Amino acid sequence: MQPPKDNVVIAITGASGAIYAKLLIHRLAKDEGINLNIIASHAGSFVYEFEIGTTLDKDLPDNVRLYREDEFTAPFASGSVPLRAMVIVPCTMATLGAIAWSSGRNLIHRVADVCLKERRRLILVPRETPLHEGHLENMLRCVRLGALILPAMPGFYHKPSTIEDLANFVVSRILNHLDMSDGFAKPWNYEKEEIERGDHFI
Ligand SMILES: Cc1cc2nc3c(=O)[nH]c(=O)nc-3n(C[C@H](O)[C@H](O)[C@H](O)COP(=O)(O)O)c2cc1C
């Protein structure tokens, strides 16, 4: 008998950076141990189509399930349903604020709140610049409640040559925090000879 798959939720909100969600979804969908579920906010679906050029539903692998933000009866709205992790990528300041103040109004906020109350992994990938004091305070609140803030801030020391290289830097860091790897971004100075030869990646 096959072992049960781990449920993972990826939520897409209306911040710029849909490519991060796209690359992460396509990577996780290949993992046979994961049952992948997507929740998109209204704004998230809009920005995804605007930036990627395809509607989200048409761009998803066959083996993932898509929920709208108003599907309050989705399984993960309840703490009784096992969930390994939730990643909100990209995460707007609006969604971050709702999570920080436990003032959930949609399925994304609710599942995030469930993750926090059940002490489950919640990874927020915010994208906004510049940040005002309220944004920073909300990030601190989220960290204190148990979330991980992993800003969409790609590094450049892996010498990216494409937009995908840049985005994959962030996706690799998300995967690390899901105890996974894609072999894309190796740890800095880990394979020194490779670096000296000018090969990527670090
Ligand atoms: C093209 C576009 C890009 C946006 N980028 C951002 C962004 O990077 N960060 C952000 O916090 N909001 C951004 N917004 C605004 C959010 O989409 C808006 O606040 C929305 O109501 C957030 O709702 P949600 O958190 O439920 O997705 C953007 C909106 C548009 C139309």
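That block above? That's the structure.
Criteria and thresholds
Residues numbered from 1 in each chain as written. Predicted model: local features only at pLDDT ≥ 70, side-chain atom pairs only at ≥ 80, totals over all residues. Heavy atoms only, no water. Helix = DSSP H or I, 4+ residues; strand = E, 2+ residues; numbered from the N terminus. Rg over C-alpha atoms; globule rule 2.2 N^0.38 Å. Buried < 20%, exposed > 50% of the residue type's maximum accessible area, 1.4 Å probe, protein only. Contact = heavy atoms within 4.5 Å. Lys, Arg positive; Asp, Glu negative; His and termini not counted. Charge placed at Lys NZ, Arg CZ, Asp CG, Glu CD. Near = heavy atom within 4 Å. Polar contact = N/O pair within 3.5 Å; in protein donor to acceptor, adjacent residues only side chain to side chain. Areas by Shrake-Rupley, 256 points an atom, 1.4 Å probe, with all protein chains shown as cover. Nonpolar A, V, L, I, M, F, W, Y, C, P; charged D, E, K, R; others polar.

## Here's the deal with the overall build of the protein chain
- When helices and strands are tallied, the protein chain shows eight helices and six strands.
- Walking the protein chain from its N terminus toward its C terminus, one meets helices and strands in the order β-α-β-α-α-β-β-α-α-β-α-β-α-α.
- Against the compact-globule benchmark of 17 Å for 202 residues, the protein chain has a radius of gyration of 17 Å, which places it among compact chains.
- C-alpha atoms of the protein chain, sized along the principal axes, occupy 55 × 50 × 35 Å.
- The buried share among the 202 residues of the protein chain stands at 48%.
- Across the protein chain, contacts joining residues at least 24 apart in sequence account for 73% of those joining residues at least 6 apart.
- Of note, the protein chain has its 22 positive side-chain charges centred 5 Å away from the centre of its 25 negative side-chain charges.

## A few points about the site of the ligand
- Close to the ligand lie 14 residues; Gly14, Ser41, Thr92, Thr95 and Arg127 are nearest.
- Separating an oxygen atom of the ligand from a backbone N or O atom of serine 16 is a distance of 3.1 Å.
- Between methionine 93 and the ligand, the recorded distance is 2.9 Å, taken from a backbone N or O atom to an oxygen atom.
- Considering the ligand on its own, with 640 Å² of exposed area, one finds that the protein chains cover 66% of that surface.
- Secondary-structure elements contributing two or more residues to the shell around the ligand are helix H2 (42-52) and helix H4 (93-100).
- In the shell around the ligand, the residues fall into six nonpolar, six polar and two charged.

Any functional reading would require information that these geometric values do not contain.
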